[in-house]
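# Structural overview
So you can see what is in the structure, the chains are spelled out below.
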Amino acid sequence: MLRFASKNATLFARNLTVSGARQLHGKASLPPLPYAYNALEPAISETIMKLHHDKHHNTYVTNLNAAQDKLCQPDLDLKSEIALQAAIKFNGGGHINHSQFWTIMAPPSEGGGKPITDSSLHKSIVEKWGSLEDFQKEMNGALAAIQGSGWAWLVKDKEGSLHITSTQNQDTVINAKVIIGIDAWEHAYYPQYENRKAEYFKAFWTVMNWKEAQRRYETN
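Residues numbered from 1 in each chain as written. Predicted model: local features only at pLDDT ≥ 70, side-chain atom pairs only at ≥ 80, totals over all residues. Heavy atoms only, no water.

We apply this condition: UniProt positions are given in the numbering used here, feature names are shortened, and annotations may be inferred rather than shown by experiment.
Going by the annotation in an unreviewed UniProt entry, the name recorded for the protein is Superoxide dismutase, with Schizosaccharomyces cryophilus given as the source organism. Recorded in UniProt under Sequence similarities (unreviewed entry), the annotation for the protein is "Belongs to the iron/manganese superoxide dismutase family." In its Catalytic activity (unreviewed entry) section, the UniProt record describing the protein reads: "2 superoxide + 2 H(+) = H2O2 + O2".

## Points about the pattern of salt bridges
Test applied: A pairing counts as a salt bridge when a side-chain nitrogen of Lys or Arg comes within 4 Å of a carboxyl oxygen of Asp or Glu. Helix and strand definitions follow DSSP, with helices as H or I runs of at least four residues and strands as E runs of at least two, each counted in order from the N terminus. For each residue, the accessible area found with a 1.4 Å probe, counting protein chains only, is set against the maximum for its type, and the residue is called buried under 20%, exposed over 50%, and partly exposed in between.
What the rule picks out here adds up to seven salt bridges. Among the salt bridges present, the one from Glu212 reaches Arg215, with a minimum N-O distance of 2.7 Å. With a gap of three residues between them, Glu212 and Arg215 both fall in helix 8 (residues 210-218), about one helical turn apart. By relative accessible area, Glu212 is classed as buried at 13%. The exposure class assigned to Arg215 is partly exposed, which follows from its relative accessible area of 44%. When salt bridges that share partners are traced, they join Glu194, Arg196 and Glu199 into one network.

And the structure:
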C-alpha cells in the first residue's frame, strides 16, 4: 500500500507540475499580420506572405499545441516526454521566430525601409560597424553563410552590446534580446526569388521596420 500511495503521490505531483507549467502560457495562436498580404510588395509578394504566414507559421502553432497537449497526458512515461522535447523545441522556436519576424517588417508607406538616423539603435550600429551599410552587409553575409535553413539575428546582450549571430533550423535566441531576426528558410523567399536568395536578403531591408527595432532596443 505504501508503495502504491507513493507512486500515486509522485504521479499527482508530476501531473500538477506539468499542468501548471502548461497553464502558464496557454495554447499558442497564430498572430494576425499587422498589414495586408500584399503590403510588402515588391520586396515580398502576396503569394509568399499567404504561404509563409497562413501555412508554415500556422503549422508550427498547430504542432506545438499538439506536442504540449501530449505532454500533459497523465500516463506519459519519461521516454515519451523526452521524445516530445524535439517537437516542442522545433515548433515552439518556429512560432517565436515567426511572431517577431512579421513585426520587424513594415510597408514602405508606414516607414518600412526608412532608417531612423537620430535613434539610439542607429547610433549604436554605426559605432560598432562604421555605417548602416556595413552592418547590413555583415547581416546579409551571416544569412548567406547559413547552410540549409536558419535565421540571422541582431541581438543585444546583457551588457547592452550588439552582436550578429545565426541559428540553424528553428532554433531561437535564448540568452540575448532579439532586435532583428531574418528568416533564411527557402519558404521565406523561394516562390518569388527561387535560388537568388541574395536578392531576397537585399530586398528585406526595403521593408525593414526600424521603428520596431528601436522599440526592442529600448526595451529591457
